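# Examination of the molecular architecture
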Amino acid sequence: MAPRRSLFRRTAVSAAIATAATVLAACGSSDSSSSSEHTGHDREATSTAGPSSTASGAQGSHNAQDVSFAQGMIPHHRQAVAMAGLAASRAKSQQVKDLADKIKQAQDPEIDTMSGWLKAWGAKVPDAGMEGMEGMEGMDHSGSPMPGMMSDDEMDKLKGSSGDAFDKAFLQMMIGHHEGAIAMAKTEQAKGSYGPATTMAKSIVTSQSSEITGMDKMLGK
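Residue positions are given per chain, counted from 1 along the sequence in the order it is written. Per-residue local features of the predicted model are confined to residues with pLDDT of at least 70, and side-chain atom pairs are confined, for both listing and counting, to 80 or more; whole-chain, interface and lining totals are unaffected and use all residues. Derived side-chain values reflect all non-hydrogen atoms in the structure, with water molecules and hydrogen atoms excluded from consideration.

### Things to note about the overall build of the protein chain
Numbered from the N terminus, helices here are DSSP runs of H or I no shorter than four residues, and strands are runs of E no shorter than two. When helices and strands are counted, the protein chain shows six helices and zero strands. When burial is assessed residue by residue, the protein chain has 33% of its 221 residues classed as buried. The contact rule is simple, with two residues in contact once any of their heavy atoms fall within 4.5 Å. For the protein chain, the share of sequence-separated contacts (at least 6 apart) that also reach a separation of at least 24 residues comes to 74%. Computed by Shrake-Rupley with a 1.4 Å probe, the accessible areas treat only the displayed protein chains as cover when residues are assessed. For the protein chain, the accessible area works out to roughly 12700 Å², and carbon and sulfur atoms hold 54% of it. In this scheme, a residue with accessible area under 20% of its type's maximum is buried, one over 50% is exposed, and one in between is partly exposed, where area comes from a 1.4 Å probe on protein chains only.

### A word on the side chain of Q208
Counting through the fold element by element, Q208 comes out in helix α6 (residues 195–218). Judged by relative accessible area, Q208 falls into the buried class, the value being 3%. Once residues within four sequence positions are removed from consideration, Q208 is found in contact with H77, Q107, H178, A181 and I182.

### Quick word on the packing of aromatic side chains
Two aromatic rings, drawn from Phe, Tyr or Trp (for Trp, its six-membered ring), form a pair once their centres lie within 6.5 Å of each other, and the interplanar angle then sorts them: stacked below 30 degrees, edge-to-face above 60, tilted otherwise. Tallied over the entire structure, the rule returns four aromatic pairs. Look at W117 and W121: their rings are 6.2 Å apart centre to centre, the planes differ by 25°, and that puts the pair in the stacked class. Taken together, the residues W117 and W121, both in helix α3 (residues 94–121) and four residues apart, mark about one turn of the helix. As far as the burial class goes, W117 and W121 line up, both buried. Through pairs of rings, three or more aromatic residues link up here, namely W117, W121 and Y194.

### What to know about the environment of D216
Note on placement: D216 falls in helix α6. Linking D216 and Q172, residues 44 residues apart in sequence, is a C-alpha distance of 8.6 Å. In this view, D216 contacts I175 and K221; residues no more than four positions away in its chain are not counted.

### Describing the confidence of the model for the protein chain
Each residue carries a pLDDT value, the predictor's own confidence for that position, ranging from 0 to 100. The pLDDT averaged across the protein chain works out to 78; a share of 66% of its residues lies at or above 70. No element of the protein chain has a lower mean pLDDT than helix α1 (residues 2–57), at 42, and none a higher one than α6, at 98. The model gives residues 1–9 a pLDDT under 50, and that stretch makes zero contacts with residues more than four places away or in other chains.

### Some points on the packing of helix α2 (residues 64–90) against helix α4 (residues 152–159)
Packing of α2 against α4 leaves a shortest axis separation of 10 Å and a crossing angle of 20°. In terms of their interaxial angle, α2 and α4 are classed as roughly parallel. Like other packed secondary-structure pairs, α2 and α4 cross with a definite hand, here left-handed. Between α2 and α4, the residues in contact are Q79, M83, L86 and R90 and M155, L158 and K159, respectively. Looking at the contact of α2 with α4 residue by residue, the class counts come to four nonpolar, one polar and two charged. Whenever a helix is involved, its axis is fitted only over the stretch in contact; in every case the axis is a line through C-alpha atoms, and angles between N-to-C directions fall within 0 to 180 degrees. Here the angle decides the label: under 35 degrees means roughly parallel, over 145 means roughly antiparallel, 65 to 115 means roughly perpendicular, and every other value means oblique. Rotating anticlockwise by less than a right angle from the far helix to the near helix defines a left-handed crossing, while the corresponding clockwise rotation defines a right-handed one. Each residue is assigned to one of three groups, with Ala, Val, Leu, Ile, Met, Phe, Trp, Tyr, Cys and Pro labelled nonpolar, Asp, Glu, Lys and Arg labelled charged, and all others, Gly among them, labelled polar.

### A look at the nonpolar core
Note on terminology: a nonpolar core comprises buried Ala, Val, Leu, Ile, Met, Phe, Trp, Tyr and Cys residues joined through side-chain atoms within 4.5 Å. Counting residues in hydrophobic clusters, the biggest one holds 45 residues, and the most contacted among them are F69, M83, M114, W117, L158 and F170. For this core, the secondary-structure elements that each account for two or more residues are α2, α3, α4, α5 (163–191) and α6. In contact with L158, other than residues within four places in its own chain, are M83, L86, R90, F166, A169, F170 and M173.

### Here's the deal with the pattern of salt bridges
In what follows, salt bridge is the name for a side-chain nitrogen of Lys or Arg lying within 4 Å of a carboxyl oxygen of Asp or Glu. Enumeration according to the criterion identifies three salt bridges in this entry. Taking the shortest distance from any N to any O, the salt bridge between K92 and D164 comes out at 3.5 Å. One end of the pair, K92, is in the loop between α2 and α3; the other, D164, is in helix α5, and 72 residues separate them in sequence. Overall, the relative accessible area of 56% leaves K92 in the exposed class. In this structure, the salt-bridge partner of K221 is D216, at a minimum N-O distance of 4.0 Å. What makes K221 exposed here is its relative accessible area of 70%. A relative accessible area of 22% means that D216 is categorised as partly exposed.

Structure, rendered in structure tokens:
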């Protein structure tokens, strides 16, 4: 009887081992299949969400129009800031002084922002000061590729005035200056490709159009 019992036990153990191996193999196959399935889903999710996420987070590439916009608007803004800087000591109207301060507060940071873009793009940042604007000195409304820029004579006239005369000249000149900036900004909106630049252009159109309306009222229009 002992040999038979031993043989029976060996057979039972063998069967148990085979059964366990089958179960483990099945589990391994299931895990592998599950892992493969999850990997497939993960890849699908990545391919679906990846480009969308990248597109929404990207600022976009720039083009020649974006460079032109920044290189033109920087000196344009600088002249507006220079004009506004005269108001503190020459303007009579507090409204004019407040407007001039508002212009400086808005345009100084934009100059810094656009200068940063140009540096990042490896493009030339216009030199500071009217004397550094190569080929741009003394441009008037009609002949300038940057519409609305004041000529040297106009700037001298503004610097030489004070009181009511300054207020009137400042408002008239700044309206023309703003109209030029709006024209430049609209070109950027239509032809630019760099998101932050077209966004700034939209802001310029909105804010400076509003300021023109206010200046017209100050002039009694």
